[in-house]
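Here are the chains, one letter per residue:
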Amino acid sequence: MSAPTEPPAPQLAVYYGPATAPALATLTTFSRVAVQAPLYTPEQLAALQGGDTCVLAYLSVGEDHPLGEWECSPGSAAYHQQPNAAWPSVVVDAAHPLWHSTLLTRAEQALEHTDGLLLDTLESADPAATLALLRHLHAAFPQAALWANRGFTLWPALPALLRGAPDSGVLFEAFSTHHTPYALHDTAGLAYTAAWLNEVRRSGLAVHALDYADRPELAAAARARAAALNLPTFVSDRALSRPGGWPALEEL
């Protein structure tokens, strides 16, 4: 009997927890990390960049939410629309000029000490307005790495925009598992993600999965599917609070 296929080692860690010394030490073992830059000092971000680690700053494009000194009280801004009940965030009017200036300011602040941006909530706001906003963002920061979290409602225009960045790709969140509740996708869900994986690969973009687990057997299932598809995946909890992923391989 042949040995089971091992999934590709995760190349991208996604961690939204605090910048503790152990977390920083773990993150530096990855070639690329996505963090919430406002929670870090410039010195901590520099420490992450000190090796060969590309640091991506999380940036929510289609929703506003509190982060560090960025406040968000639903309805307090002209670009606010409906709250997202699943998270402490508010869907925005992506075409609003004030949101454009707000997002560009946040991107500029994040890019002072990072290499690029992980673009999140791309499917929350109007697709045409979101694409226009992304083009503006790329034009303002042409040297920034750009990774999109899914963004399939922006296809087929999104790949060409991302390919203009010096380092780009797609983070395929919830590729094999989801977190509310923690479970493997059903048959239809697995077929959906497999079809979109093929589509992303046809676009020529790099792709990396992000899966969720609360128990070893679920993490193992996500990793086994990733191995079968030759796809690296980072497995964590809903809060993305584990810098090395969950569970660590030695815990399986």
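How each quantity is defined
- Residues numbered from 1 in each chain as written.
- Predicted model: local features only at pLDDT ≥ 70, side-chain atom pairs only at ≥ 80, totals over all residues.
- Heavy atoms only, no water.
- Salt bridge = Lys/Arg side-chain N within 4 Å of Asp/Glu carboxyl O.
- Helix = DSSP H or I, 4+ residues; strand = E, 2+ residues; numbered from the N terminus.
- Buried < 20%, exposed > 50% of the residue type's maximum accessible area, 1.4 Å probe, protein only.
- Phe/Tyr/Trp six-rings, centres within 6.5 Å; stacked < 30°, edge-to-face > 60°.
- Lys NZ or Arg CZ within 6 Å of the ring centre and 35° of its normal.
- Contact = heavy atoms within 4.5 Å.
- Pairing = 2+ DSSP bridges.
- Right-handed = clockwise from strand over helix to strand, strands pointing away.

**Describing the pattern of salt bridges**
Move 1: Tallied over the entire structure, the rule returns 5 salt bridges.
Move 2: The partner of Asp 64 in a salt bridge is Arg 106, with the nearest N and O atoms 2.9 Å apart. Separated by 42 residues along the polypeptide, Asp 64 in strand β4 (residues 63–64) and Arg 106 in helix α3 (residues 97–111) bring together distant segments of the chain.
Move 3: Owing to a relative accessible area of 1%, Asp 64 belongs among the buried residues under this scheme.
Move 4: Arg 106 gets classed as buried once you look at its relative accessible area, which sits at 8%.
Move 5: Asp 214 is the partner of Arg 215 in a salt bridge, and the nearest nitrogen-oxygen pair spans 2.6 Å.
Move 6: Here Arg 215 falls in the partly exposed class, since its relative accessible area comes to 30%.
Move 7: Taking the relative accessible area as the measure of exposure, Asp 214 reaches 38% and is therefore partly exposed.

**Concerning the packing of aromatic side chains**
Move 1: For the coordinates displayed, the defined rule picks out 8 aromatic pairs.
Move 2: Geometrically, the ring pair formed by Trp 155 and Trp 196 is edge-to-face, given 5.5 Å between the ring centres and 75° between the ring planes. With Trp 155 in the loop between β8 (145–149) and α5 (157–162) and Trp 196 in helix α6 (residues 187–203), this pair connects stretches of sequence that are 41 residues apart. The same class applies to Trp 155 and to Trp 196, which are both buried.
Move 3: Judged by centre distance (5.0 Å) and plane angle (75°), the rings of Phe 172 and Phe 175 are edge-to-face. Each member of the pair Phe 172 and Phe 175 is classed as buried.
Move 4: Each residue in the set Phe 152, Trp 155, Phe 172, Phe 175 and Trp 196 is aromatic and connected to the rest through ring pairs, giving one cluster.
Move 5: Between the NZ or CZ atom of Arg 225 and the centre of the ring of Phe 175, over which it lies, the distance is 4.3 Å.

**Here we look at the environment of Leu 184**
Move 1: Here Leu 184 shows up in strand β11 (residues 182–184).
Move 2: The class of Leu 184 is partly exposed, set by a relative accessible area of 40%.
Move 3: If we skip the residues at most four places from it in the chain, Leu 184 touches Ser 176, Thr 177, His 178, Leu 218 and Ala 221.

**With respect to the side chain of His 138**
Move 1: Topologically, His 138 is positioned in helix α4 (residues 127–140).
Move 2: Those residues in contact with His 138, other than ones at most four positions away along the chain, are Leu 146, Leu 161, Gly 164 and Ala 165.

**Quick word on the sheet that holds strand β6 (residues 89–92)**
Move 1: Spatial ordering of the open sheet is given by β4-β6-β5, a layout of 3 strands whose pairing is antiparallel. Both edges of this open sheet fall to β4 and β5 (80–84), since each of them pairs with a single strand only.
Move 2: Pairing analysis gives 2 bridges linking β4 to β6, with the strands arranged antiparallel. Bridge assignment links Asp 64 to a residue of β6, and that residue is Val 90.

**Section: the pairing of strand β9 (residues 168–173)**
For a regular strand, the rule is simple: side chains alternate between the two faces of the sheet.
Move 1: Most of β9 sits inside the fold, with 5 of its 6 residues counted as buried.
Move 2: Pairing of β8 with β9, which is carried by 4 bridges, proceeds in the parallel orientation. Within the sheet, the bridge partner assigned to Trp 147 lies in β9 and is Gly 169.
Move 3: Handedness of the crossover joining β8 and β9 through α5 is recorded here as right-handed.
Move 4: Note that β9 and strand β12 (residues 206–212) share 5 bridges and pair parallel. Across the sheet, residue Phe 172 finds its bridge partner in β12, namely Ala 209.

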